Amino acid sequence: MHTTTELLEKLASLAAENPKCGEMYCSTCGGYARLIFGNLTKDLSLLIDDVLASATLQDFCSLGGWRDKILAAKPEGVLDLCIREAKNLNLNSIEEIDFFIYHSSIVKTSIERPSIRLTKPELIKRATLIFLPLRKYILGHAISHAFKSKNISLIESIVLTERTTVINSPSLLELAIDMSKDNTQLARALYNQLREEISETRFYVGDGTTVRYR
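Conventions adopted
- Residues numbered from 1 in each chain as written.
- Predicted model: local features only at pLDDT ≥ 70, side-chain atom pairs only at ≥ 80, totals over all residues.
- Heavy atoms only, no water.
- Disulfide = S-S within 2.5 Å.
- Buried < 20%, exposed > 50% of the residue type's maximum accessible area, 1.4 Å probe, protein only.
- Helix = DSSP H or I, 4+ residues; strand = E, 2+ residues; numbered from the N terminus.
- Contact = heavy atoms within 4.5 Å.
- Polar contact = N/O pair within 3.5 Å; in protein donor to acceptor, adjacent residues only side chain to side chain.
- Phe/Tyr/Trp six-rings, centres within 6.5 Å; stacked < 30°, edge-to-face > 60°.
- Lys NZ or Arg CZ within 6 Å of the ring centre and 35° of its normal.
- Salt bridge = Lys/Arg side-chain N within 4 Å of Asp/Glu carboxyl O.
- Core = buried A, V, L, I, M, F, W, Y, C linked by side-chain atoms within 4.5 Å.
- Axes fitted to C-alpha atoms, helices over the stretch in contact; angles between N-to-C directions.
- Parallel < 35°, antiparallel > 145°, perpendicular 65-115°, else oblique.
- Left-handed = near helix turned anticlockwise from the far one by under 90°.
- Nonpolar A, V, L, I, M, F, W, Y, C, P; charged D, E, K, R; others polar.

Novice: Explain the state of the cysteines to me, please; I cannot follow it from the model alone.
Specialist: As used here, a disulfide is simply a covalent bond connecting the sulfur atoms of two cysteines. Here the structure, examined in full by the defined rule, presents zero disulfides. Cysteine Cys21 is unpaired, with the sulfur of Cys29 as its nearest cysteine sulfur at 3.6 Å.

Novice: Even after reading the chapter, I still don't get helix α10 (residues 152–161), so can you show me in this structure?
Specialist: In an α-helix there are 3.6 residues to a turn, and that puts residues three or four apart on one side. Within α10, seven of the 10 residues are buried, which leaves it mostly tucked inside the rest of the structure. Lining the buried residues of α10 we find α7 (94–103), α8 (105–112), α9 (121–149), α11 (163–167), α12 (170–180) and α13 (184–194). By the N-cap criterion, in which a side-chain oxygen at the helix start approaches the backbone nitrogen of a residue two or three places on, α10 is capped by Asn151, the distance to Ser153 being 3.2 Å.

Novice: Please explain the side chain of Glu162 as it appears in this structure.
Specialist: Following the sequence through the fold, Glu162 ends up in the loop between α10 and α11. Those residues in contact with Glu162 that lie beyond four places of it in its chain are Lys108, Arg135 and Leu139.

Novice: Quick question: what am I supposed to make of the packing of aromatic side chains here?
Specialist: Summed over the entire model, instances satisfying the criterion amount to two aromatic pairs. Among the aromatic residues, those joined into a cluster by ring pairs are Tyr32, Phe37 and Trp66. A cation over an aromatic ring shows up here: Arg195 above the ring of Tyr191, its NZ or CZ 4.8 Å from the ring centre.

Novice: In this structure, what is going on with the side chain of Ser93? I would like to understand it.
Specialist: Its location among the elements puts Ser93 in the loop between α6 (75–88) and α7. Only 3.1 Å separates the side chain of Ser93 from the backbone nitrogen of Glu96, close enough to count as a polar contact.

Novice: Honestly, the pattern of salt bridges in this entry has me stumped. Any pointers?
Specialist: Two side chains that carry opposite charge are able to pair once their charged atoms sit near each other. Applying the stated criterion across every chain yields a total of four salt bridges. The residue Arg163 makes a salt bridge to Glu197 at a minimum N-O spacing of 2.3 Å. Here the residue Arg163 occupies a position in helix α11, and Glu197 occupies one in the loop between α13 and β1 (204–205), the gap between them amounting to 34 residues. A relative accessible area of 31% places Arg163 in the partly exposed class. Here Glu197 falls in the partly exposed class, since its relative accessible area comes to 39%.

Novice: I'm lost on the environment of Glu96 in this one. Help?
Specialist: Secondary-structure assignment places Glu96 in helix α7. According to the relative accessible area criterion, Glu96 is partly exposed, its value standing at 34%. For Glu96 and Glu6, which are 90 residues apart along the polypeptide, the C-alpha to C-alpha distance reads 25 Å. Discounting residues that sit within four places of it in the chain, Glu96 has contacts with Leu89 and Asn90.

Novice: Looking at this model, I keep getting lost on the environment of Glu196. Mind explaining?
Specialist: Structurally, Glu196 is set in the loop between α13 and β1. In this structure the C-alpha to C-alpha distance between Glu196 and Asp49, which are 147 residues apart in sequence, comes to 41 Å.

Novice: Looking at this structure, how should I read unusual backbone geometry?
Specialist: Both trends apply: most residues other than glycine have a negative phi, and most peptide bonds are in trans. Positive phi values are uncommon outside glycine, yet Lys150 reaches one of about 55°. Its place among the elements puts Lys150 in the loop between α9 and α10. Residue class for Lys150 comes out partly exposed when judged on its relative accessible area of 42%.

Novice: Could you clarify how one ought to interpret the nonpolar core in this entry?
Specialist: Most often, soluble globular proteins have nonpolar side chains that are buried together. In this structure, Leu7, Phe60, Trp66, Ile70 and Ile158 are the most contacted members of the largest nonpolar core, which totals 62 residues. At eight residues, α9 tops the list of elements feeding residues into this core. Ignoring sequence-local partners within four residues, the contact set of Ile70 consists of Leu7, Phe37, Ile48, Leu52, Phe60, Leu63, Pro75 and Val78.

Novice: Even after reading the chapter, I still don't get the packing of helix α1 (residues 4–17) against helix α3 (residues 42–54), so can you show me in this structure?
Specialist: Angle between the axes and distance between the axes: these two values describe a pair of packed helices. The N-to-C vectors of α1 and α3 enclose an angle of 155°; their axes lie 9 Å apart at closest approach. Taken together, α1 and α3 sit at an angle that is classed as roughly antiparallel. Along this stretch, α1 crosses α3, giving a crossing that reads as left-handed. Listed contacts from α3 to Thr4, Glu6, Leu7, Lys10, Leu11 and Leu14 of α1 are Leu44, Leu47, Ile48 and Val51. Among the residues forming the contact of α1 with α3, the class breakdown is seven nonpolar, one polar and two charged.

Rendered as structure tokens:
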């Protein structure tokens, strides 16, 4: 089995061979990421398959800016990775649940907006029947932990990835708003996600560097 480190080294090598403007993504020329994945070689394709077959979600996140291109090229592998991660998750660990809820949302978004990545009917079916129920079960534990621990990072992850759930859960929304009074990052997340529906989240104004509270 190959590692994400080996994959990153291979991608870096290909980027050096195809520099374009030197940017991974570029609105003018597309950047070297588009060039590499627009002409995906058999060797690179097999390497990605091999890495995804054993990688953890944390491994996948270590791929940084390459993640979107890999998801677009290999949605089956990324979906299976997230399902595998969900089944092996330690539900007593706030840190593991927090990490999963936030970073597995890349697949959740692809299901909700299939025109972006998950375009094959069989993939959407597998994601809907297996991944989403697992994620919903884990989300239940995440919300329970949020109330008990009042962990800011976990609450923020729920706010950023589960907008509808937060809107429809008055007690969870109240908790998030209450915790945000002393945390500008959570306040910003609430403002960005819910300001159009929930007036109580509009007390935050700014971009993180200039903040004021009404």
